[in-house]
Amino acid sequence: MPADITIHLIEAGGRRHTLQAATGRTLMQAAVDAGIDGVAADCGGSLVCATCHVIVDEAWRGRFPAPSGDERAMLEMTATPAEPGSRLSCQLTLDAALDGLEVRLPATQY
Ligand code: FES
């Protein structure tokens, strides 16, 4: 059964957004639903746009499965170069263990 968890998204300029997000949704869906401008998600989660780039805080990186080959390939197409912790948020499904998750948003998605 879905439950709400708290997630934090921090813009490149430092502005912090704290949201309640339902488990079972992707991080991209939660950000888009909350109207976070820093996540564009042009392809709607089909893994073809790389405009849902986020950088997962170091403390949380190990909580996600490793990126697929397709995600890794798309991470080479991000407008802001990928760095350690970079992921495509449409590939990150929220679960109860991610309560408190913190991610940074890149300076730009284009
Ligand atoms: S929304 Fe397009 S790759 Fe994630």
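Preceding this section is the structure that the text describes.
Below you will find a few notes about this structure.

## Thoughts on the pairing of strand E1 (residues 4–10)
By the alternation rule, side chains of E1 split into Ile 5, Ile 7 and Leu 9, which are all buried, and Asp 4, Thr 6, His 8 and Ile 10, of which none is buried. With seven bridges connecting them, E1 and strand E2 (residues 16–22) associate as antiparallel partners. The residue of E2 that forms the bridge with Ile 7 is Leu 19. In textbook terms, the turn of a hairpin is the stretch between consecutive antiparallel strands, and for E1 and E2 this stretch comprises five residues, one of which, Gly 14, has a positive phi near 105°. Pairing geometry for E1 and strand E5 (residues 101–104), over four bridges, is parallel. The residue of E5 that forms the bridge with His 8 is Glu 102.

Parameters and conventions
Residues numbered from 1 in each chain as written. Predicted model: local features only at pLDDT ≥ 70, side-chain atom pairs only at ≥ 80, totals over all residues. Buried ≥ 20, exposed ≤ 12 C-beta atoms within 10 Å, placed from the backbone. Helix = DSSP H or I, 4+ residues; strand = E, 2+ residues; numbered from the N terminus. Pairing = 2+ DSSP bridges.

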